[in-house]
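Topology and contacts: notes
Residues per chain, in single letters:
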Amino acid sequence: MTSAPSGTPAPGARGRRGGRTALRLLNRAGLVVLRRAALLAALLALVFTGVELLPGDAASATAERGESAADLAARRAALGLDRPVAHRFLDWMTGLPTGDLGTSAHGERITDMVSAAFPNTLLLSGTALLLTLVLALILGCLAALRPEGRLDRTVTGASTAVFAIPEFVVATGLVLVLSLWTGWLPAVTLTDASGTPSSWTMLILPALALTIPQTGWNTRIVRAALADEARAPHVEAAVLDGLPPWRVLVLHMLPGALPSVATGIATSSGVLLGGAVAVETIFNYPGLGSILSSAVADRDTPVIAGVTVLAGAVITAVLLLADAVRDLPAVGRR
């Protein structure tokens, strides 16, 4: 019967150590979820308080022309606006665990509103996120092939400039060039009977408006991560072995850079959802951004809070996925 070499953990010990590492990661993920849930609850409290501080209320914003003061008072009572904001917030939070997001100022179920619009926003944001990932990887890898070369300097400078441009400015420029001047793409989104864009071409301009700034940000992240990996001993050894630059990049540098890339993409998911508010409004896109902009105009606090909850849940899920990608190497080493 042979024993493991001195200093080498036995297979059973490695398995137990890996199990303990995975358990620690799960516990940490649970703590992260709890912290982010607490932050989301605090954000929702700020939403209720902030809308309360705005001039007017949902009753007056959605009132019909010619309604009397008595009609407005009755509408405020029906919407619960005659109660303190803290009471309304707590009542709304009690329905959240069951998926009840309340009723809008127009009498619609908020759950139905956001569930109808969310797939459109998910399609737009997901398309923009995929384009951002592909373009950032291509541009970052091209720049890393010749460090400090002309292409590297061009990509780095252009990425910084593009990231500094807000989404609504990019959207306006795209409409001007690709719609008004050339007529290549539609400037507004028309929907079919199901409430989705009637043509895939109507998705191009909104997706590009979200993609372009985030591509600049993530290209810089990819380039920086690859620069860090280029100094790793195994990469230097691969270069000394005479491997082609593309082989060194793809097989030796890129795998080690993926955790940083995943973190950058996860951060972009939240920015994309936030930028969708302005972009969907500009292109009349039928998503959560359009609902949110209308709700702000109507001072409709439960609708604003419902959109915030859904966006917060999606961002939390993406961030947890990025954390898992970042921690996978640690589990493998153990």
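Structural notes, computed from the coordinates. These figures come from a predicted structure and were not determined experimentally. (Residues numbered from 1 in each chain as written. Predicted model: local features only at pLDDT ≥ 70, side-chain atom pairs only at ≥ 80, totals over all residues. Heavy atoms only, no water.)

A few points about the overall build of the chain
To keep things clear, this is the line we draw: Numbering of helices and strands starts at the N terminus; helices are DSSP runs of H or I of at least 4 residues and strands are runs of E of at least 2. Each residue gets one of three labels from its accessible area relative to the maximum for its type: buried under 20%, exposed over 50%, partly exposed in between, using a 1.4 Å probe on protein chains only. When checking whether two residues touch, look at their non-hydrogen atoms; a contact exists if any pair is within 4.5 Å.
Scanning the chain from N- to C-terminus turns up 12 helices and zero strands. The order of helices and strands in the chain, counted from the N terminus, is α-α-α-α-α-α-α-α-α-α-α-α. Across the 334 residues in the chain, those meeting the buried criterion constitute 35%. Across the chain, every contact between residues at least 6 apart in sequence was considered, and the portion connecting residues at least 24 apart equals 73%.

Topic: the pattern of salt bridges
The condition that has to hold: What makes a salt bridge here is a side-chain nitrogen of Lys or Arg within 4 Å of a carboxyl oxygen of Asp or Glu, nothing more.
For the coordinates displayed, the defined rule picks out six salt bridges. Residues Arg83 and Asp91 are paired through a salt bridge, measuring 2.3 Å at the closest nitrogen-oxygen approach.

Section: the packing of aromatic side chains
Where we set the bar: Centres within 6.5 Å make a pair out of two Phe, Tyr or Trp rings, where for Trp the six-membered ring is used; the pair is then stacked when the planes are under 30 degrees apart, edge-to-face when over 60, and tilted otherwise.
Tallying each qualifying case throughout the model produces three aromatic pairs. Measuring from centroid to centroid gives 5.3 Å for Phe48 and Phe89, while their planes differ by 70°, and the two rings are edge-to-face. Placement of Phe48 in helix H1 (residues 11–53) and of Phe89 in helix H4 (residues 85–95) is noted, with a sequence separation of 41 residues between them. Phe89 carries the same exposure label as Phe48, and that label is buried. Chaining the aromatic ring pairs together yields one cluster made of Phe48, Phe89 and Trp92.

What about the layout of surface pockets?
The test is simple: Using protein atoms alone on a 1 Å grid, points that fit a 1.4 Å probe yet trap it form a cavity, whereas open point sets bounded by protein on both sides within 12 Å along at least five of seven lines form a pocket; residues with an atom within 4 Å of a point count as lining. Grid points are joined across faces, edges and corners, and a volume is the space filled by probe spheres set on the points. Residues are grouped as follows: Ala, Val, Leu, Ile, Met, Phe, Trp, Tyr, Cys and Pro are nonpolar; Asp, Glu, Lys and Arg are charged; all remaining types, including Gly, are polar.
Its boundaries defined by the atoms lining it, the largest pocket holds a volume of some 360 Å³. Surrounding the largest pocket, 21 residues form its lining, Leu79, Arg88, Trp92, Thr103 and Pro302 being those nearest its centre. If one sorts the elements of the lining of the largest pocket by residue count, H4 sits on top with four residues. Counted by class, the lining of the largest pocket contains nine nonpolar, six polar and six charged residues. Considering only enclosed or pocket space, the second largest pocket measures out at about 310 Å³ in volume.

Looking at the packing of helix H7 (residues 167–181) against helix H8 (residues 204–230)
The test is simple: A fitted line through C-alpha atoms represents every axis, and for helices the fit uses only the stretch in contact; the resulting angles, taken between N-to-C directions, go from 0 to 180 degrees. To sort the angles, those under 35 degrees are grouped as roughly parallel, those over 145 as roughly antiparallel, those from 65 to 115 as roughly perpendicular, and the leftovers as oblique. By definition, any crossing whose near helix is turned counterclockwise from its far helix by less than a right angle is left-handed, and any crossing with a clockwise turn is right-handed.
Where H7 meets H8, the closest approach of the two axes is 9 Å, and the angle between their N-to-C directions is 130°. It follows that H7 is oblique to H8 by the angle criterion. The handedness of the crossing between H7 and H8 comes out as right-handed. Residue-level inspection shows Glu167, Val170, Ala171, Leu174, Leu178 and Ser179 of H7 in contact with H8, the latter providing Leu205, Leu208, Ala209, Leu210, Ile212, Pro213 and Gln214. Within the contact of H7 with H8, the residues separate by chemical class into 10 nonpolar, two polar and one charged.

Topic: a nonpolar patch on the surface
Under the convention used in this document: Only residues above 30% relative accessible area that lack a salt bridge enter a patch, with like-charged residues linked at up to 9 Å and the nonpolar side chains Val, Leu, Ile, Met, Phe, Trp and Tyr linked at up to 5 Å. Calculation of accessible area relied on Shrake-Rupley with a 1.4 Å probe; when residues are assessed, cover is drawn exclusively from the protein chains displayed.
The grouping of Leu130, Leu131, Val134, Leu135, Ile138, Leu139, Leu142, Leu151, Trp246, Val250 and Leu251 at the surface amounts to a nonpolar patch, some 930 Å² of accessible area in total. Among the elements of the structure, helix H5 (110–145) and helix H10 (245–282) are those that each provide at least two residues to the nonpolar patch. Element by element, the count of residues in the nonpolar patch is highest for H5, at seven residues. As for its position among the elements, Trp246 is in helix H10. Its relative accessible area of 46% is what places Trp246 among the partly exposed residues.

Comments concerning the packing of H8 against H10
The interhelical angle for the contact between H8 and H10, taken along N-to-C directions, is 150°, at an axis separation of 8 Å. By the criterion of interaxial angle, the relationship of H8 to H10 is roughly antiparallel. Between H8 and H10 lies a crossing of right-handed hand. Of the residues belonging to the contact of H8 with H10, the class tally is 19 nonpolar, eight polar and one charged.

Notes on unusual backbone geometry
A positive phi angle is found at Glu148, which is not glycine, with a value near 65°. Classification of Glu148 by relative accessible area gives exposed; the value is 60%. Phi is positive for Arg299, which is not a glycine, with a value near 55°. Secondary-structure assignment places Arg299 in the loop between helix H11 (288–297) and helix H12 (301–333). Looking at Arg299, the relative accessible area reads 21%, which means it is partly exposed.

Looking at H5
In plain terms, the rule: How far a helix is expected to stretch is found by multiplying one less than its residue total by 1.5 Å. Note that bend, as reported per residue, equals the angle between axes fitted to the 7 residues terminating at that residue and the 7 residues originating from it.
Here H5 is 36 residues long and its end C-alpha atoms lie 50 Å apart, about the 52 Å a rise of 1.5 Å per residue gives. Its axis deflected by about 30° at Phe118, H5 carries its strongest bend there, up to four residues before the proline Pro119.

Comments concerning the side chain of Arg223
Mapping Arg223 onto the fold places it in helix H8. For Arg223, a relative accessible area of 14% puts it in the buried group. For Arg223, the residues in contact, after removing those within four places along its chain, are Gly140, Ala143, Ala144, Pro147 and Asp152.

Some points on the environment of Ala58
Relative to the elements of secondary structure, Ala58 occurs in helix H2 (residues 58–61). In this structure Ala58 touches Leu79, Leu81, Ala105, Asp298 and Arg299, once residues within four positions along its chain are discounted.

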